[in-house]
Each structure stands twice: as C-alpha cells, then as structure tokens.
Amino acid sequence: GRTLRRKGHVALHASGVARAGSGIAFAGPSGSGKSTLALALMDFGSDYVSNDRLFLGNRAREVEIVGVPKWPRVNPGTLLASDRLRSLMALDEIARYKALSRTELWAVEDKYDVPVHSIYGRGRLALRAGLESLYILSWKHGGEPARVHPVAPEGKAEAVAPFIKTEPYDPPRSPACSAANLALLLDDVSVFRVTGGTDIPWLARRVM
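Draft legend 1. Summary view of the environment of Ser82. On the secondary structure map, Ser82 appears in the loop between α3 (76-80) and α4 (91-98). Sequence spacing of Ser82 and Phe192 is 110 residues, and the spatial spacing of their C-alpha atoms is 26 Å.

Draft legend 2. Representation of the layout of surface pockets. Approximately 950 Å³ is the volume attributed to the largest pocket. Lining the largest pocket are 34 residues, with Thr36, Gly77, Thr78, Trp106 and Ile200 sitting closest to its centre. With five residues, the top contributor of residues to the lining of the largest pocket is helix α2 (residues 34-42). Grouping the constituent residues of the lining of the largest pocket by class yields eleven nonpolar, 14 polar and nine charged.

Draft legend 3. Local environment of the packing of α2 against helix α9 (residues 200-207). The N-to-C vectors of α2 and α9 enclose an angle of 55°; their axes lie 10 Å apart at closest approach. As summarised for this structure, α2 and α9 are arranged oblique, according to the angle between their axes. α2 and α9 meet at a crossing whose hand is right-handed. Contacts between α2 and α9 involve Thr36, Leu37, Ala40 and Leu41 from the first element and Ile200, Leu203, Ala204 and Val207 from the second. For the contact of α2 with α9, the per-class residue count stands at seven nonpolar, one polar and no charged.

Draft legend 4. Quick peek at the pairing of strand β8 (residues 128-137). Here β8 lies mainly inside the structure; eight of its ten residues are buried. In terms of strand pairing, strand β2 (residues 22-27) meets β8 through six bridges, oriented parallel. For Ser22, the partnering residue across the bridge sits in β8 and is Gly130. The pairing of strand β5 (residues 62-67) with β8 spans three bridges and is antiparallel.

Draft legend 5. Local environment of the environment of Val114. Assignment of secondary structure puts Val114 in the loop between β7 (112-113) and α6 (116-120). With relative accessibility at 0%, the residue Val114 sits in the buried group. Along the sequence, Val114 and Lys165 sit 51 residues apart, while their C-alpha atoms lie 23 Å from each other. Not counting residues up to four positions away in its chain, the partners in contact with Val114 are Leu39, Trp71, Pro72, Val74, Leu79, Leu85, Leu88, Ile119 and Tyr120.

Draft legend 6. Summary view of the pattern of salt bridges. Evaluation of the coordinates by the stated rule reveals nine salt bridges. Between Arg59 and Glu62 there is a salt bridge, with its nearest N and O atoms 2.2 Å apart. Residue classification places Arg59 among the partly exposed residues on the basis of a relative accessible area of 29%. Of the charged contacts in the structure, one is a salt bridge between Arg59 and Glu64, with a shortest N-O distance of 3.7 Å. Taking relative accessible area as the criterion, Glu64 reaches 3% and is therefore assigned buried. Counted as one network, the salt bridges with shared partners bring together Arg59, Glu62, Glu64 and Arg128.

Conventions adopted
- Residues numbered from 1 in each chain as written.
- Predicted model: local features only at pLDDT ≥ 70, side-chain atom pairs only at ≥ 80, totals over all residues.
- Heavy atoms only, no water.
- Helix = DSSP H or I, 4+ residues; strand = E, 2+ residues; numbered from the N terminus.
- 1 Å grid on protein atoms, 1.4 Å probe; cavity = no way out; pocket = protein on both sides within 12 Å on 5 of 7 lines; lining within 4 Å.
- Points joined across faces, edges and corners; volume = space filled by probe spheres on them.
- Nonpolar A, V, L, I, M, F, W, Y, C, P; charged D, E, K, R; others polar.
- Axes fitted to C-alpha atoms, helices over the stretch in contact; angles between N-to-C directions.
- Parallel < 35°, antiparallel > 145°, perpendicular 65-115°, else oblique.
- Left-handed = near helix turned anticlockwise from the far one by under 90°.
- Contact = heavy atoms within 4.5 Å.
- Buried < 20%, exposed > 50% of the residue type's maximum accessible area, 1.4 Å probe, protein only.
- Pairing = 2+ DSSP bridges.
- Salt bridge = Lys/Arg side-chain N within 4 Å of Asp/Glu carboxyl O.

Right, here's the structure in full:
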C-alpha cells in the first residue's frame, strides 16, 4: 500500500472486478453491498480484484485499479442467496439464519470469508485492471426501486472523495489524498450514483 501511495495511487473504500481487462468498481459505506456485488459479478464471468480496499492510479495511458490480496468477507444473507456460496455455512447455521426475517438478516454482522479459488476456480483473481466505471452505492435497504444516475464530470471527485481511505503514515497534504489528484484520475472514468432500495441482482445485471 505504501509503495502505491508514493506513486500517487488513491486508496478507496471500494470493491472491484475485472472482465477482459476492464474494471468496474463499487464505492460505498460498510454494509452497502460492495463485496456481495463483486461476488455476484463473478457469477457473470468477472474476475475478483478486491472487496474492501481498492487503489486507483495511473498506468501508461489508462487509469488502473489495484486490489489487496485478501478474500472477500460477506454476511450470511449473501451466502444464503447463492447456491454456490451456501456451502460455506454449516447446516445448523443455515437453519438459524433462514429463520430470521429479511430485515433481521440484513442487520446480522457475522462475517464469512469466501475463498475465491475453491468456490470459483483458479485463475479468477485479477489484482490489476483498467478502470472503466465506478458506482457509488447510496442506496438503502427497503424503499423505492434502485436507480442509477450519471455523475457530471465536474462533480466526480467530490462524489468519490468521501470514500478515500487514509493511513496514519500518510504525509500531510499527500497528493494521493488530494481532490485535485482524484479529479485527474477520474477524468476518463464513468462515475454513477446508485440510489433507492438495495437490489444486488438488478445492479449486477445492469452493469454487465
């Protein structure tokens, strides 16, 4: 992480996947569905880049995303909704979580690691990719149908800035944390804001 920061990369609280070298990122607060979206897109053939911390920086003539080599961590609701992932829970855990209402299940914070290699097969890990689009998850559980809104070019840096992850060792006024640097990185990236009610399957289908 420090090496990337010295090169001017920005660390974001975001997940990312790649398909044919093109990356898609999802930024948002904890519990907004970043990891679940990354796994849902893997079912569509995408490769895993990162689930929580994503570095954004320049590479040759494009903007790249660089992932952190750790497995995605998700809540039991994500596992229950997937035939592929449900096997990561014991039978008694499945029964216990199935007995909860959807609202109760949404509030559970029991994290499970998802070993990408054993679940999706080897060769599905891509720690670097060119960034094509970034989605800001401003949706909430319940409510109106989800909607996707393009962010105007002049507002992209301001919209993404709240999701910058800083570290204690970052120097004061680090260029890796500056709005100006973020604006340059996002210049050729399509940025969208997702509002309304949380709908993982709908957004996964839409971005693919």
